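The lines below spell out each chain.
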Amino acid sequence: MRIDYHMHFEKGSYDEAWAEGFFDTAAKRHLDEIGISEHSHTFPEFRDLYDHDLILDDSFVGRFQQKWLQSNKFKYTLDDYFRFMEKLRKRHPNVKTGIEVCNFQQQDKVHDILKDYPFDYIIGSVHFIHGWAYDSAEIKAEWDNIPLEDIYEWYTEEIEKLADAGEYDVLGHPFNIRLFRYFPDFDVAPYLERAVRALKKAHMVVDVNTGTYYRYPIQEISPYPDFMKRAARAELPIILTSDAHHPEDCGAYHDEAVSYVHGFGYAQVVRFDQRKRTLVPLS
């Protein structure tokens, strides 16, 4: 099957005409099934968690992140989301409802927010390292202020926390900390192995994500080969995703992702339904 479970409506609105563009592109790229995984910053239910975790002071990073939180965020409730997905489901019965949740420190509060909603899958993604949105080009200069070995350590710790929470089905775009081409001159194997062990213990799925290929300077699929070798050896299951934020990017570089994971011996992907997973042939 050709499936893409990682995409967002946030650049548009909960308008059926906007959303229909994702399905039109999916049909053009011969996808069998798609799922929407709205960012947790779409929903006001998560606002306090962002305020608690992010650097929001008068520093370079803090000033940017204050503006970021005020820009097109927290505009729909989770109830709004599920009502909109029900509308879409009338035309597209197989569409899946997911969510991508940031690596919040108060996982008990995340659980309380999510527990009453019938998601098909929940992606947990590391988007912040010690309160800094490391993937934001506008504050990329902060990379020069932190030793890269600290970033790898802190990033790996965040993966371990997400896995330990027991809340997530998928780890989003693992080790996308390469996205701005900051390459380590030290041995990263211990970090990769810790992450794989944590995912294996938590029975989590790896998000093989083309977003870093077409949206960031690194121009590579995440996770990169050194991680994928270990994931395959540990028999971690995978999904292939585009991380589309615009309709035209749905399923982007899917065929390249198929070829990529075939190189590590993968022949199946996960299909989700109401948090239950089945393995289906990869195509």
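This write-up is about the structure you can find in this document. Note that the coordinates shown come from a computational prediction; the quantities given were computed from them, not determined experimentally.

Counting its secondary structure elements, the chain contains 10 helices and nine strands. For 283 residues, the compact-globule estimate of 2.2 N^0.38 gives 19 Å, and the C-alpha radius of gyration of the chain, at 18 Å, lies within 12% of that figure. The C-alpha extent of the chain, read off along each of the three principal axes, is 50 × 45 × 35 Å. Counting only contacts in the chain whose residues sit at least 6 apart along the sequence, the fraction spanning at least 24 positions is 77%.

Structurally, the position occupied by Asp187 is in the loop between strand S5 (170-171) and helix H7 (189-202). A distance of 3.0 Å separates a polar side-chain atom of Asp187 from the backbone nitrogen of Ala189.

Residues Ile238 and Leu240 of strand S7 (residues 238-241) are buried on one face, and the alternating residues Ile239 and Thr241, pointing to the opposite face, are buried as well. Direction of pairing for strand S6 (residues 205-209) relative to S7: parallel, over a ladder of four bridges. From the neighbouring strand, Asn209 faces S7, where its bridge partner is Thr241.

A few words on the nonpolar core. If you look at the biggest cluster of nonpolar residues, it comprises 100 residues, and the most contacted ones within it are Ile34, Phe46 and Phe175. In terms of residue count, the dominant contributor to this core is helix H6 (residues 148-165) (seven residues). Look past the residues within four positions of Phe175 in its chain and what remains in contact with it is Tyr152, Tyr155, Thr156, Ile159, Tyr191, Leu192, Ala195, Tyr224 and Phe227.

Next up on the list: the sheet that holds S6. Pairing is parallel in the open sheet, where seven strands are placed in the order S1-S2-S3-S4-S5-S6-S7. Unpaired on one side and paired on the other, strand S1 (3-4) and S7 mark the two borders of the sheet. The sheet contact formed by S5 and S6 spans two bridges and is parallel. Bridged to Val170 within S6 is Val205. Packing against the sheet, helix H10 (residues 254-262) makes contact with S1, S6 and S7, and its axis sits at approximately 150 degrees to S7.

Of the positions making up helix H5 (residues 107-114), those classed as buried are Gln107, Val110, Ile113 and Leu114. Relative to the axis of H5, the buried residues are bounded by an arc of 110 degrees and lie together on one face. Against helix H2 (47-53), helix H4 (78-91), strand S3 (96-102), strand S4 (121-125) and H6 lie the buried residues of H5.

This part is about the packing of aromatic side chains. According to the stated counting rule, one finds 36 aromatic pairs in the structure shown. Relative to Tyr134, the ring of Trp132 lies with its centre 6.5 Å away and its plane at 70 degrees, an arrangement referred to as edge-to-face. Taken individually, Trp132 and Tyr134 each receive the classification buried, so the pair is uniform in this respect. Among the aromatic residues, those joined into a ring-pair cluster are Phe9, Tyr14, Trp18, Phe22, Phe43, Tyr76, Tyr81, Phe82, Phe84, Tyr117 and Phe119.

Counting through the fold element by element, Glu158 comes out in helix H6. On the basis of relative accessibility, which here comes to 4%, the residue Glu158 falls in the buried class. A polar side-chain atom of Glu158 sits 2.9 Å from a polar atom in the side chain of Asn103. Setting aside anything within four residues of it in sequence, one finds Glu158 in contact with Asn103, Gln105, Val126 and Phe128.

Thresholds applied
- By convention here, each chain's residues receive numbers from 1 onward along its written sequence.
- Local features are withheld for residues below a pLDDT of 70 in this predicted model, meaning they are given only at 70 or higher, and side-chain atom pairs are given and counted only at 80 or more; totals for whole chains, interfaces and linings count all residues.
- Computation of side-chain values: all heavy atoms of the structure, hydrogens and water removed.
- Numbering of helices and strands starts at the N terminus; helices are DSSP runs of H or I of at least 4 residues and strands are runs of E of at least 2.
- Every radius of gyration here is taken over C-alpha atoms, with the globule rule written as 2.2 Å times N^0.38, N being the number of residues.
- Contacts are residue-level and defined by heavy atoms, with any inter-residue pair within 4.5 Å sufficient.
- Each polar contact in these results corresponds to two N or O atoms within 3.5 Å; when the atoms are within protein, one needs to be able to donate a hydrogen and the other to accept it, and residues that are neighboring in sequence are counted only if both atoms are side-chain atoms.
- Throughout this description, buried means an accessible area under 20% of the type-specific maximum (1.4 Å probe, protein chains only), exposed means over 50%, and partly exposed covers the range between.
- Pairing between two strands is assigned when DSSP locates at least 2 bridges connecting them.
- Put simply, a nonpolar core is a bunch of buried Ala, Val, Leu, Ile, Met, Phe, Trp, Tyr and Cys residues held in one set by side-chain atoms that sit within 4.5 Å of each other.
- With axes taken as lines fitted to C-alpha atoms, and helix axes fitted only over the stretch in contact, angles between N-to-C directions fall between 0 and 180 degrees.
- By arc we mean the arc of the directions from the helix axis to the C-beta atoms, nothing more.
- Any two of the Phe, Tyr and Trp rings considered here, Trp counted by its six-membered ring, make a pair once their centres fall within 6.5 Å; the pair's planes then place it as stacked at under 30 degrees, edge-to-face at over 60, or tilted in between.

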